[in-house]
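# Structural features, examined
Now for the letters of each chain:
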Amino acid sequence: MLKKIRVALSILLFTLITLYFLDFRGGLPDWLQWFTEIQFMPALLALNVGVLVALLLLTLLFGRVYCSSICPMGIYQDMVAWLSRRVNKKKRYRYSKAKNGLRIIVLASTVVAFIFGFTLLVGLLDPYGAYGRMVTHLLRPAYLAGNNLLASIFSSFNNFTFYKVNIYIVSVSSLVIALITLLGIGYMAWRGGRNYCNTVCPVGTILGFLSRYSLFKVKIDETKCNACGLCAMKCKASCIDAKNKRVDYSRCVTCFNCLESCHRDAMKYKPVTPWKRYEPQKANALNEKTAINNTKKPLDLLANPAAGQPKIVNDKKSTGNLDASKRRFLTALLVISLPAKEFVAKIGSETRLSRRAFKRQTPIAPPGVPSIDHLLQKCISCHLCVSKCPSRVIKPALLEYGLGGMMQPRLYFDRGFCNYDCTVCGDVCPTGAILPLTKEEKNHTQAGQVQLILENCIVYNDETSCGACSEHCPTQAVRMVPYKGALTIPEINPEICVGCGGCEYVCPAIPYKAIYVEGVTTQRRITIEHEEVDEIQVDDFGF
Amino acid sequence: MALSGAALTTIKEVDAMSILSQSFEATDGASKYDLVAVLGGEPEVMFRKAISEMGGMSNFINRGDKVCVKPNIGWDQPVEMGANTNPKLVAEIIKQCFDAGASEVTVFDHSCDDWRKTYANSGIEEAAKAAGAKVVPAHQESYYKSVSIPNGKNLKEAKIHQAIVDSDKWINVPILKNHGGAQLTISMKNYMGIVWDRGFFHANDLQQCIADVCTYDKRPVLNVVDAYRLMKTSGPRGRSLSDVVLSKGLFISQDIVAVDTAATNFFNQAREMPLENVTHIGKAEELGLGTTNLEKLRIGRLRV
């Protein structure tokens, strides 16, 4: 029964969050956004205390329900694992020892990298973000293709319920990373179920630490259990040591598969009273004093692979290793990231130069990102904004923000421009990297500044009318002023530019555009002065 | 096979016939006027008055015609900004097309802003659907068909939306606005919403290309200029309501040059705009698309 509830809940949540990512027409209700907000890492980055407390309480009460039913990447792994067992019916899981050393090193590296502003690592490993990229870069094109198929069928019957959309690769690097994630985590899941969650995933490690102390647990009734090992064969987390009748609660994702596998009714999911909670399976192994020590040093406990068998010497050793690895990591990070950033950024911009005459010095962050530093600290590159942008002007960065900001969103105007009144990206961002703006705020937020290269301009070169740039400018930061004869020529006022890119997108000058938007490191509010309304009465024909 | 071949040729013949009858109608003197201007009413009221002076909609639309109504739906702006054709006017035209026996009315525009937003926020999608028209998308190249423009100077061919290409008749329903590049956008400039590649226009003498595209074989049976609201500055998108004048005008004619000339003169009262500045009008006259000499025309001037 518990398993059925778990499966139903997982499928429901997985379907809804996936559809929410895919829905490009805005046809689904806004509250679906909630499923992205209750994800652990977004809640942590957005400092969403309510959700965090709820998730921690949930884990402390019922174990890693988050990993089991809320995290879409967890459910993806379950699906792959389920499939692998359908293909190979003889497949059995086996208990394996916890790789706590690896877990703690990955977690520590992620935290340290994050503190030092290298968010890419969190972005790569966070299961929600990684899943979001899989949907955006791999599933979405297929979804759009399906839509286009329906659109062509329906429109041939003169029905325009569906409309066609362009399908293209938004970012090759993010596509490759999404593909590696899909295959890598998929492979791990195919081979060993929730292996990713219990070795690499930083969220899994944090929640795994808490779930050791959770109230409800899967308990083996030692009087009933005959150590047949059926439960361990079903355990996708490989955390049931049937021989010793022990469960590693830090790895148990409360999937309840074991409960149903037991023929002797020896497994029960039930509250474990606090005074029994830390009780080791081998009752003689631990005295009270060490238990207190352990609770005082949770990290040590986690670092110790054999829970309940205190090896204090080992503890020290592993923390020692940890420090060393931390140091190594940091040094490596500093050595690599500083010059590499400059170096790679150089290459990146040089290839751009050959394509365009203008060179954007600063990437354009989506409106609502207070500063590029803020973006670097908050964004885990789930690419929900990329997927949801109705104008499709958000693209994952390559190295424009530096290596640490790889895959984070930037605006580009090759295929469109940012709609003046649209606030979707800030509305959907679950981590608070792009802050929500009201329409009024959006209309006055400067995400970039217009730059004019007059020598590329059609009016200047051909002395024919154009004005495409000014036409699209919502604030008239580009306006047409009298030039020769009846001609008008663009004039810019970067102070009142919102950086929507309408001018850059539409500028028809070839081979080089005459107008473009330069990014800003800090977004600010612009003041648009409205001229006095002079009442004009037109009450004659005029001819 | 033979049967389908026969069917095909019949269809072709019907097409040819409709073009013939269209040009025939253009020279038909059924209406008292070549151009009708109406002032002082609501958009739909002014149109009713104007079309009845032109001899009624059945003078232009035949029973069974597939009609395309092409308003300006370029911008994600509310009705009050006067950036898009007035939805009440569009709805009234659709209604009259059906009353005249049209079998189908389609509405579209190749918008500048996101088409879903412009269709919705202009109020045109809702009004047109309520009046029974099909509102079709125009944001993908696949909706456009290549046509040749043999009489164009710079523009020799263009991709034109299938709703126009496949229609029996089409009605051009622009709104009168200031335009940073072309100076004014009226009936001729509204053609830029039926073509796919606008960039070519801008890059190859905008004003000439606007005149060129109007030489496309299938001319609108009517040009209805919405001047209920007139965007005098910051056009064609507009910044604030201070750009807009409530001018309550409407101009209707089969002569696209004449109707744009009349509208320019009307605009000139709100903000100085000599006809010579709107150079595509003169260029169109050179191409024989109509006359700027309003003196020669029979003009109805009416007030509501």
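Residues numbered from 1 in each chain as written. Chains lettered and ligands numbered in written order. Predicted model: local features only at pLDDT ≥ 70, side-chain atom pairs only at ≥ 80, totals over all residues.

## Details of the overall build of chain A
The line we're drawing: Secondary structure counts use DSSP, requiring at least four H or I residues in a row for a helix and at least two E residues in a row for a strand, with both numbered from the N terminus. For every residue, the other C-beta atoms within 10 Å of its own C-beta are counted; 20 or more classify it as buried, 12 or fewer as exposed, and values in between as partly exposed. C-beta atoms are placed from the backbone. It is the C-beta atoms, placed from the backbone, that decide contacts: two residues are in contact if theirs lie within 7 Å.
A count of helices and strands for chain A gives 25 helices and 10 strands. Taken across its 543 residues, chain A has 45% of its residues classed as buried. For chain A, long-range pairs separated by at least 24 residues make up 73% of all intrachain contacts whose partners lie at least 6 apart in sequence.

## What about the interface of chain A and chain B?
The condition is simple: Classes in brief: Ala, Val, Leu, Ile, Met, Phe, Trp, Tyr, Cys and Pro nonpolar; Asp, Glu, Lys and Arg charged; the others, Gly included, polar.
In this assembly, 37 residues from chain A lie in contact with 42 residues from chain B. Elements represented by at least two residues in the side of chain A that touches chain B include exactly α23 (458-462), α24 (468-472) and β8 (478-482) of chain A. Top contributing element to the side of chain A that touches chain B by residue count: α24 of chain A, with four residues. For the side of chain A that touches chain B, the per-class residue count stands at 16 nonpolar, 13 polar and eight charged.

## Some details on the nonpolar core
Worth spelling out the cut-off: Buried Ala, Val, Leu, Ile, Met, Phe, Trp, Tyr and Cys residues form a nonpolar core when they are connected through C-beta atoms within 7 Å.
Core analysis: the biggest nonpolar cluster contains 231 residues, and Val 69, Val 90 and Leu 250 of chain B have the highest contact counts within it. Excluding residues that lie within four positions of it along the chain, Val 69 of chain B makes contacts with Val 90, Ile 93, Ile 94, Val 105, Val 107, Ala 133, Ile 171 and Val 173 of chain B.

## Description of helix α6 (residues 72-87) of chain A
All names here are of chain A. Note the following rule: Given the number of residues in a helix, its expected span is that number minus one, multiplied by 1.5 Å.
Under the 1.5 Å per step criterion, the end-to-end length of α6 is 23 Å for 16 residues, consistent within 8% with the ideal 22 Å. Among the residues of α6, those classed as buried are Pro 72, Met 73, Gly 74, Ile 75, Tyr 76, Gln 77, Asp 78 and Ala 81. Buried residues along α6 sit in contact with α1 (2-22), α5 (65-70), α9 (127-156), α10 (172-192) and α11 (195-199).

## Description of helix α8 (residues 206-213) of chain B
Residue and element names in this part refer to chain B. Among the eight residues in α8, eight count as buried, and that is most of the element. Those residues of α8 not exposed but buried are Leu 206, Gln 207, Gln 208, Cys 209, Ile 210, Ala 211, Asp 212 and Val 213. Residues of α8 that are buried make contact with β6 (157-161), α7 (198-203) and α10 (279-286).

## Some remarks on the packing of α8 of chain B against α10 of chain B
Residue and element names in this part refer to chain B. The condition that has to hold: The convention used is that axes are lines fitted to C-alpha atoms, helices contributing only their stretch in contact, and that angles between N-to-C directions extend from 0 to 180 degrees. Any angle that falls under 35 degrees is termed roughly parallel, while one over 145 is termed roughly antiparallel, one within 65 to 115 roughly perpendicular, and all others oblique. Here is the rule for handedness: rotate from the far helix to the near one, and if that takes an anticlockwise turn smaller than a right angle the crossing is left-handed, while a clockwise turn gives right-handed.
Taken N-terminus to C-terminus, the directions of α8 and α10 make an angle of 45°; their axes are 8 Å apart at the nearest point. As far as their axial angle goes, α10 and α8 are oblique. For the crossing formed where α8 meets α10, the hand is right-handed. Contacts between α8 and α10 involve Gln 207, Gln 208, Ile 210 and Ala 211 on the former and, on the latter, Thr 279, His 280, Lys 283 and Ala 284. When grouped by side-chain class, the residues that make up the contact of α8 with α10 number three nonpolar, four polar and one charged.

## Describing the packing of α1 of chain A against α6 of chain A
All names here are of chain A. Relative to each other, α1 and α6 sit at 115°, their axes nearing to 10 Å. In the crossing of α1 with α6, the sense of the turn from one axis to the other is left-handed. Contacts from Ser 10, Phe 14, Ile 17 and Thr 18 in α1 reach Pro 72, Ile 75 and Asp 78 in α6. Among the residues forming the contact of α1 with α6, the class breakdown is four nonpolar, two polar and one charged.

## Some words on unusual backbone geometry
Note that the residue after Ile 510 of chain A, namely Pro 511 of chain A, is joined by a cis bond; omega there is 0°. By the secondary structure assignment, Pro 511 of chain A is in the loop between α25 (502-506) and β10 (515-525). Of note, the bond from Gly 235 of chain B into Pro 236 of chain B is cis; its omega dihedral lies within 30 degrees of zero at 5°. For Asp 265 of chain A, which is not glycine, the phi torsion reads 55° and is therefore positive. Its place among the elements puts Asp 265 of chain A in the loop between α14 (257-261) and β4 (267-271). Looking at Asp 265 of chain A, the number of C-beta atoms within 10 Å reads 10, which means it is exposed. The backbone phi angle of Ser 234 of chain B is positive, close to 55°, even though this residue is not glycine. Along the chain, Ser 234 of chain B falls in the loop between β10 (222-231) and β11 (244-253).

## Describing the domain arrangement of chain A
Quoted interface sizes are often the accessible area lost when the parts come together. Residue and element names in this part refer to chain A. To keep it simple, the criterion reads: Residue ranges assigned to each domain were obtained from an automatic or database domain assignment.
Each domain of chain A was delimited in the assignment, giving domain 1 (2-275) and domain 2 (350-525). One C-alpha centre belongs to domain 1, the other to domain 2, and the line joining them spans 37 Å. On the domain 2 side, the residues contacting the 27 residues of domain 1 number 22 residues. Only α2 (34-37), α3 (40-45), α8 (120-125), α9 and α10 provide two or more residues apiece to the side of domain 1 that touches domain 2. It is α9 that provides the largest number of residues to the side of domain 1 that touches domain 2, a total of six residues.

## Let's talk about the environment of Arg 239 of chain B
Relative to the helices and strands, Arg 239 of chain B is located in the loop between β10 and β11. Residue classification places Arg 239 of chain B among the buried positions, given that 22 C-beta atoms sit within 10 Å. C-alpha of Arg 239 of chain B to C-alpha of Tyr 33 of chain B: the two residues are 206 residues apart in sequence and 37 Å apart in space. Once you skip the residues sitting within four places of it in the chain, Arg 239 of chain B turns out to touch Thr 475 and Gln 476 of chain A together with Ser 234 of chain B.

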